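Spelled out from the first residue to the last, the chains are:
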Amino acid sequence: MSDTTNSSSDASADQPTETQHVERTDVGVSITVQLKRGSGTRDEDKIKGKVKAETLADAREDMDVLREYLHRLAEDARQIQPEVGDD
């Protein structure tokens, strides 16, 4: 009875391992803003937004637009109140 396990292990050991290098380059600026209202588990609203741009000036401009959008979204969310059931 022959043992094929050793021969397959030897074959994989003889093969060279390929090494790949990945270089990550992040260029620019990233700004994140998070709005939170309330403190209870069921009495809080969280809204988070993030902008990325090549320069800080561009990121600030984009953040101003995003901030206005998040503000409107938060106002709309505050208008949604749970209905109190009549017992």
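Residues numbered from 1 in each chain as written. Predicted model: local features only at pLDDT ≥ 70, side-chain atom pairs only at ≥ 80, totals over all residues. Heavy atoms only, no water.

Here the focus is the overall build of the protein. When helices and strands are counted, the protein shows two helices and two strands. For the protein, the α and β elements follow one another from N to C terminus as α-β-β-α. Here the protein, with 87 residues, has 11% of them falling under the buried criterion. Contacts in the protein between residues at least 24 apart in sequence constitute 34% of all its contacts with a sequence separation of at least 6. (Helix = DSSP H or I, 4+ residues; strand = E, 2+ residues; numbered from the N terminus. Buried < 20%, exposed > 50% of the residue type's maximum accessible area, 1.4 Å probe, protein only. Contact = heavy atoms within 4.5 Å.)

On the surface, E54, D58, E61 and D62 cluster together into a patch of negative charge. In this fold, E54 is placed in the loop between strand 2 (43–53) and helix 2 (56–79). (Patch = residues over 30% accessible without salt bridge, like charges linked within 9 Å, V, L, I, M, F, W, Y side chains within 5 Å. Areas by Shrake-Rupley, 256 points an atom, 1.4 Å probe, with all protein chains shown as cover. Salt bridge = Lys/Arg side-chain N within 4 Å of Asp/Glu carboxyl O. Lys, Arg positive; Asp, Glu negative; His and termini not counted. Charge placed at Lys NZ, Arg CZ, Asp CG, Glu CD.)

The next thing to look at is the pairing of strand 2. The pairing of strand 1 (residues 29–40) with strand 2 spans 10 bridges and is antiparallel. Bridged to V33 within strand 2 is G49. Here strand 1 folds back onto strand 2 in antiparallel fashion, the turn holding two residues. (Pairing = 2+ DSSP bridges.)

Turning to the environment of D43, a few remarks are in order. Relative to the elements of secondary structure, D43 occurs in strand 2. Of the residues examined, D43 reaches a relative accessible area of 52% and is grouped as exposed. Filtering out sequence-adjacent residues up to four positions away, D43 remains in contact with R37 and G38.

With that out of the way, let us pick up helix 2. In this model, helix 2 (24 residues) spans 34 Å end to end at C-alpha, consistent with the 34 Å of a helix rising 1.5 Å per residue. Taken residue by residue, helix 2 has A59, M63, L66, L70 and A74 as its buried positions. Here the buried face of helix 2 lies against strand 1 and strand 2. (Expected span 1.5 Å × (residues − 1).)

Note that all results are geometric; they support no functional claim without further evidence.
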